[in-house]
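# Coordinate inspection notes
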Amino acid sequence: MSLRAALTTTAFVAACAAALPAVAADTLRTLAQRAGVRIGTAVNVDALNTDAAYARLLAREFDLVTPENALKFSVVQPGRDRFDFAQADALVAFAEAHGMQVNGHVLVWHQQLPDWLTQGSFSRDELKAILREHIRTLVTRYRGRMASWDVAAEAVDEDGRLRDTFWLRGIGPDYLALAFQWAHEADPQAHLRYNDYGGEGDGAKSDGIYDLVAGLRRKGAPIHGVGLQMHVSLNDAPRASEVRINMQRLAALGLQTHISEMDVMLTLPASRADLRAQAALYRDMLKACLAVPQCRSFSTWGASDRYSWIPEFFPGQGDALLFDMAGRPKPAYDRVRRILRAAASGKRTGETVKPVETNPENK
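So, here is what we can say about the structure in this document. Source: prediction; values computed, not measured.

## A short note on the pairing of strand S5 (residues 191-196)
- For S5, the tally of buried residues reaches 6 of 6 residues, placing the bulk of the element in the interior.
- What you see with S5 is no split at all: His191, Arg193 and Asn195 on one side and Leu192, Tyr194 and Asp196 on the other are buried throughout.
- Relative to S5, strand S4 (residues 148-153) runs parallel, the two sharing 5 bridges. Bridging across to S5, alanine 153 finds its partner in asparagine 195.
- With 4 bridges joining them, S5 and strand S6 (residues 225-228) adopt parallel strand pairing. Counted as the bridge partner of tyrosine 194 is valine 226 from S6.

Right under this line is the structure:
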């Protein structure tokens, strides 16, 4: 991004900050804070920089944001010795202006890697040095400003074994423990988590994720939480009871849990019955989270259907989020708000409602 573009982005974010009203008393974020859980969403920074209505929606309803792409390797480090933080800086500035936490996403992933890295010829020691520099540069830059990091994502395959990735082939299975250690050294106060899809309920992948994080704990790796992505449809969502049991066994390892990227894609055009079923799924997964005290945040992968990733990757599918194409609340929003309101009133499945902590435990 050019200097002129960066300055324009900064000016737009500042203008949005000045224009946004105070948060109302019955929004998702105010109810979630009273219920003792963070409510979050992934942010399209290009949209944030150009769509004032989108910026207002984010600031009004959410208190936790995750960059969709701004911190992925190919975006933030397009050259071996060149970093581009313009988009990430804009999101962090926006979040700080509106009292939001930021989750850094993602330090180690097998996709969206730059050509200079994947097409290069590097020894194991060189790859370790590259990954260490990448992690330390990002985490050090935002030390004290990122509440958490997705240190590694999607390292487990569908059968529960480690996925065959660029990093596994180049460094070996210890790349995961090393990544957590390097991130912790760069910011000892940040909450570090492993993030994956398809392991939310019961099954081989869920067991593989459990075995992975349990092994990291045994090795003394500074891992503090697990993100359960929850990209689902009406036909393939796990049972809420399985999700709760899975969260409980992760909690028994001393780990916090997070529903980190939820969306529920529907076949287009969505019927009223589909929207009601979608709302019930959001309700059930939020209730599963609230039933486990160690579940500390509930995030969607996008705020409104206008900027959802799903139609591009799954043609004919969409309408997956809490707000529609125009930013209007859907039945799923109403269900989520209703559950948060009940939890905010002290009805969190009989548990004492705990206040949200700025610095979570288990660091």
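We are not done yet, so read on.
## Regarding the packing of helix H11 (residues 204-218) against helix H12 (residues 240-252)
- Running from N to C, H11 and H12 cross one another at 10°; their axes reach a closest spacing of 11 Å. When the interaxial angle is binned, H11 and H12 end up roughly parallel. The two elements H11 and H12 meet at a crossing, and its hand is right-handed. Every residue of H12 that contacts H11 at Ser206, Asp207, Tyr210 and Val213 is listed here: Asn246, Arg249 and Leu250.

## Looking at the environment of valine 156
- Looking at the element boundaries, valine 156 is found in the loop between S4 and helix H9 (166-171).
- Judged by its relative accessible area of 1%, valine 156 falls in the buried class.
- As a C-alpha pair, valine 156 and serine 206 span 50 residues in sequence and 9.1 Å in three-dimensional space.
- Beyond its immediate stretch of four places on either side in the chain, valine 156 contacts Arg161, Arg163, Tyr194, Asp196, Lys205, Gly208, Ile209 and Leu212.

## With respect to empty space enclosed by the protein
- Applying the stated criterion across every chain yields a total of 3 cavities of 30 Å³ or more.
- In this structure, the second largest cavity is lined by Lys72, Phe73, Val106, Leu107, Val108, Trp109, Gln111, Gln112 and Leu113.
- Sort the elements by how many residues they give to the lining of the second largest cavity and strand S3 (residues 101-108) lands first, with 3 residues.
- Residue classes in the lining of the second largest cavity are distributed as 6 nonpolar, 2 polar and 1 charged.

## Some details on the nonpolar core
- Membership of the largest hydrophobic core comes to 105 residues, with the highest contact counts inside it found for Trp149, Trp167 and Tyr194.
- Tallying contributions element by element places helix H13 (residues 272-290) first for this core, with 8 residues.
- With residues up to four places along the chain from it excluded, the contact list for tryptophan 167 reads Phe73, Val108, Trp109, Leu113, Leu117, Leu127, Leu131, Gly172 and Tyr175.

## So, H13
- For H13, with 19 residues, the first-to-last C-alpha span of 27 Å sits near the 27 Å given by 1.5 Å per residue.
- Listed in full, the buried residues belonging to H13 are Leu275, Gln278, Ala279, Ala280, Leu281, Tyr282, Met285, Leu286, Ala288, Cys289 and Leu290.
- Those residues of H13 that are buried lie in contact with strand S7 (231-233), H12, strand S8 (256-267), strand S9 (295-300) and helix H15 (331-344).

## A word on the packing of H13 against H15
- Running from amino to carboxyl end, H13 crosses H15 at an angle of 25°, the nearest separation of the two axes being 7 Å. With respect to H15, the element H13 is oriented roughly parallel. Handedness of the crossing formed by H13 with H15: right-handed. Contacts between H13 and H15 pair Leu275, Gln278, Ala279, Ala280, Tyr282, Arg283, Leu286, Lys287 and Leu290 from the former with Pro331, Ala332, Arg335, Val336, Ile339, Leu340 and Ala343 from the latter.

About the thresholds
Position labels on residues start from 1 in each chain and follow its written sequence. Local features in this predicted model are restricted to residues whose pLDDT is 70 or higher, and side-chain atom pairs enter the listing and the counts only when it is 80 or higher, whereas totals over whole chains, interfaces and linings include all residues. Side-chain numbers here rest on the full set of heavy atoms in the structure, without hydrogens or water. Throughout this description, buried means an accessible area under 20% of the type-specific maximum (1.4 Å probe, protein chains only), exposed means over 50%, and partly exposed covers the range between. Secondary structure counts use DSSP, requiring at least four H or I residues in a row for a helix and at least two E residues in a row for a strand, with both numbered from the N terminus. Here, strands pair whenever DSSP counts at least two bridges between them. Lines fitted to C-alpha atoms define the axes, with helix axes restricted to the stretch in contact, and inter-axis angles between N-to-C directions lie between 0 and 180 degrees. Any angle between 65 and 115 degrees counts as roughly perpendicular, while under 35 counts as roughly parallel, over 145 as roughly antiparallel, and the rest as oblique. In this scheme, a crossing is called left-handed if the near helix is turned counterclockwise away from the far one by less than a right angle; it is called right-handed if the turn is clockwise. Should any heavy atoms of two residues lie within 4.5 Å, those residues are counted as being in contact. Points on a 1 Å grid, built from protein atoms alone, make a cavity when a 1.4 Å probe fits but cannot get out and make a pocket when they are open with protein on both sides within 12 Å along at least 5 of 7 lines; residues with an atom within 4 Å of a point are the lining residues. Grid points are joined across faces, edges and corners, and a volume is the space filled by probe spheres set on the points. Nonpolar residues are Ala, Val, Leu, Ile, Met, Phe, Trp, Tyr, Cys and Pro. Charged residues are Asp, Glu, Lys and Arg, and all others, Gly as well, are polar. The definition of a nonpolar core used throughout is a set of buried Ala, Val, Leu, Ile, Met, Phe, Trp, Tyr and Cys residues joined through side-chain atoms within 4.5 Å. Working rule for helices: expected span equals 1.5 Å times residues minus one.

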